Amino acid sequence: MSPIASALTIAGTDPTGGAGIQADLKSFQEREVYGMSVATSIVAQNTLGVEDVHHLPVPFIEKQLHAVFHDIAPQAVKTGMIATSEMMEMIAMELKKNRMPYVMDPVMVAKSGHSLMEEKTRKTIQGSLLPLSTVVTPNVPEAEILVDFPIKDQEDAKKAAKVIVEDLGAQAAVVKGGHLPGEAIDVLYEKKEYHFFKSPRTETKHTHGTGCTFSAVITAELAKGKSIPEAVKIGKDFITAAIHYTLGVGRGNGPTNHWGLRLQGVPNNATGGNDNE
């Protein structure tokens, strides 16, 4: 029997469990991948917003990474909240030494609107981590920051995904369509081809941690050897179900339901049924 696949998340925390490394670990578990985590920042947040953030010292983050890589080497890694340029540069060096599929969720702003990244780091991310990435998964506001032009419709999203790959150096980019009108259509650009992943829109305020969960599922599937389009398809199905089968917890923007696919009767080693083309 071959060893189980493992995945590592490098991100901030959420004590209420809806986002950050807590959401990532739940997602890894649901996709039957052994999950590990390295904390970058300790965040005092809940469904109502962010109250405070404590950034861990860079040398301590580095020690956490060494502890993982020197013992249980992951088959894929993702990053979420990385708040400072110094963190990014150190993590980039470690990823260069330990090459594997890498999913970058460019976490810049919390669902509540609170900034999670220092201003000066918004450019650093383009030069350090983004060129190392296998897949980048920005929502529309994040993609606008990365490409420096407004995204108003699907054509703009296609242009942004292409710029992230061909100009900024990522292997693939998924510009998520949740902020755009109409159907929630995510645009993947990879190997000079576009793929579109559609899902019906669920009217709910309970979307805390959607970006973390989506990117974590993609990471888990890459760790199992899936192709990028296959991993994104599974990620799309997973997050669609997680939003649809809302838990309804929290007094603000509540978390998604990480066992949503199971409520559809879909086993962990399969995908859901959303269309893609």
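An unreviewed UniProt entry lists the protein chain under the name Hydroxymethylpyrimidine/phosphomethylpyrimidine kinase, with Sediminibacillus albus given as the organism. The record in UniProt for the protein chain states the following under Sequence similarities (unreviewed entry): "Belongs to the ThiD family."

Observations concerning the side chain of Thr124
Here Thr124 lies in helix H4 (residues 121-127). The class of Thr124 is buried, set by a relative accessible area of 17%. Setting aside residues no more than four positions away along its own chain, Thr124 makes contact with Ser85, Met88 and Glu89.

Re the nonpolar core
Core analysis: the biggest nonpolar cluster contains 50 residues, and Leu8, Leu129, Leu146 and Ile164 have the highest contact counts within it. Counting residues in hydrophobic clusters, the runner-up holds 23 residues, among them Phe28, Val33, Ala223 and Ile239.

What to know about the confidence of the model for the protein chain
Looking at the protein chain as a whole, its pLDDT mean stands at 90, while 91% of the residues score no less than 70. In the model, residues 271-277 has pLDDT below 50 throughout and makes 24 contacts with residues more than four positions away in sequence or in other chains.

Section: unusual backbone geometry
The phi dihedral of Asp148 is positive, around 65°, even though this residue is not glycine. In this structure, Lys191 is a non-glycine residue whose phi angle is positive, near 55°. Following the sequence through the fold, Lys191 ends up in the loop between strand S9 (184-190) and strand S10 (193-199).

Quick notes on a nonpolar patch on the surface
Residues Leu247, Val249, Trp259 and Leu263 make up a contiguous nonpolar surface patch of about 340 Å² in total accessible area. Residue classification places Leu263 among the partly exposed residues on the basis of a relative accessible area of 48%.

Looking at the environment of Glu190
Along the chain, Glu190 falls in strand S9. Separated by 106 residues in sequence, Glu190 and Thr84 place their C-alpha atoms 29 Å apart. In this structure, Glu190 is in contact with Gln171, Ala172, His195, Ile228 and Pro229, ignoring residues within four places of it in sequence.

Here we look at the packing of aromatic side chains
Given two aromatic rings, their pairing is described by the distance between the two centres and the angle made by the two planes. Scanning all chains against the criterion turns up two aromatic pairs. Ring centres 4.8 Å apart and planes at 50° place the aromatic pair Tyr189 and Tyr194 in the tilted group. Exposure remark for Tyr189: the relative accessible area of 3% places this residue in the buried category. Residue classification places Tyr194 among the partly exposed residues on the basis of a relative accessible area of 28%.

Observations concerning the pairing of S10
The sheet contact formed by S9 and S10 spans seven bridges and is antiparallel. Residue pairing in the sheet places Val187 in a bridge with Phe196 of S10. The turn linking S9 back onto S10 is made up of two residues, and Lys191 within it adopts a positive phi angle of 55°.

Re the packing of helix H1 (residues 20-30) against helix H7 (residues 210-223)
Two packed helices can be described by the angle between their axes and the distance between those axes. One can describe the packing of H1 onto H7 by two numbers: an axis separation of 8 Å at closest approach and a directional angle of 45°. If you check the angle between H1 and H7, you find them oblique. Here H1 and H7 pass one another in a crossing that is right-handed. Each of Gly20, Ala23, Asp24, Ser27 and Phe28 in H1 lies in contact with H7, whose residues at this interface are Cys212, Thr213, Ala216, Val217, Thr219 and Ala220. Taken together, the residues that form the contact of H1 with H7 break down as six nonpolar, four polar and one charged.

What counts and how
Per-chain numbering applies: the sequence of each chain, read as written, is numbered from 1 onward. Per-residue local features are limited, in this predicted model, to residues with pLDDT of at least 70; the limit for side-chain atom pairs, both in listing and counting, is 80 or more; totals at the level of whole chains, interfaces and linings are taken over all residues. Side-chain measures were taken over the full set of non-hydrogen atoms in the model, leaving aside hydrogen atoms and water. UniProt positions are given in the numbering used here, feature names are shortened, and annotations may be inferred rather than shown by experiment. Strands are runs of DSSP state E lasting at least two residues, helices are runs of H or I lasting at least four, and both sets are numbered from the N terminus onward. Relative accessibility decides the category of a residue: with a 1.4 Å probe and only protein chains considered, values under 20% of the type maximum give buried, values over 50% give exposed, and everything between is partly exposed. Only heavy atoms enter the contact rule, under which two residues are in contact if any of them lie within 4.5 Å. Definition used in this section: a nonpolar core is a set of buried Ala, Val, Leu, Ile, Met, Phe, Trp, Tyr and Cys residues joined via side-chain atoms within 4.5 Å. One number per residue, pLDDT, summarises how confident the predictor is, and it ranges from 0 to 100. Two joining distances apply to patches: 9 Å for like charges and 5 Å for nonpolar side chains (Val, Leu, Ile, Met, Phe, Trp, Tyr), and every residue must have over 30% relative accessible area and no salt bridge. Per-residue and other accessible areas follow the Shrake-Rupley method at a 1.4 Å probe size, with only the shown protein chains counted as cover for residues. Every case where a carboxyl oxygen of Asp or Glu lies within 4 Å of a side-chain nitrogen of Lys or Arg is listed as a salt bridge. Only Phe, Tyr and Trp rings take part, Trp by its six-membered ring, and two of them pair if their centres are within 6.5 Å. Stacked means planes under 30 degrees apart, edge-to-face means over 60, and tilted covers everything else. In this description, strands pair whenever DSSP reports at least two bridges between them. Axis angles are defined between N-to-C directions and span 0 to 180 degrees, where every axis is a line fitted to C-alpha atoms and, for a helix, only to the segment in contact. Here roughly perpendicular refers to angles of 65 to 115 degrees, roughly parallel to angles under 35, roughly antiparallel to angles over 145, and oblique to all remaining angles. Put simply, a crossing is left-handed when the front helix is turned counterclockwise from the back one by less than a right angle, and right-handed when it is turned clockwise. Gly counts as polar in this scheme, as do all residues outside two lists: the nonpolar Ala, Val, Leu, Ile, Met, Phe, Trp, Tyr, Cys and Pro, and the charged Asp, Glu, Lys and Arg.

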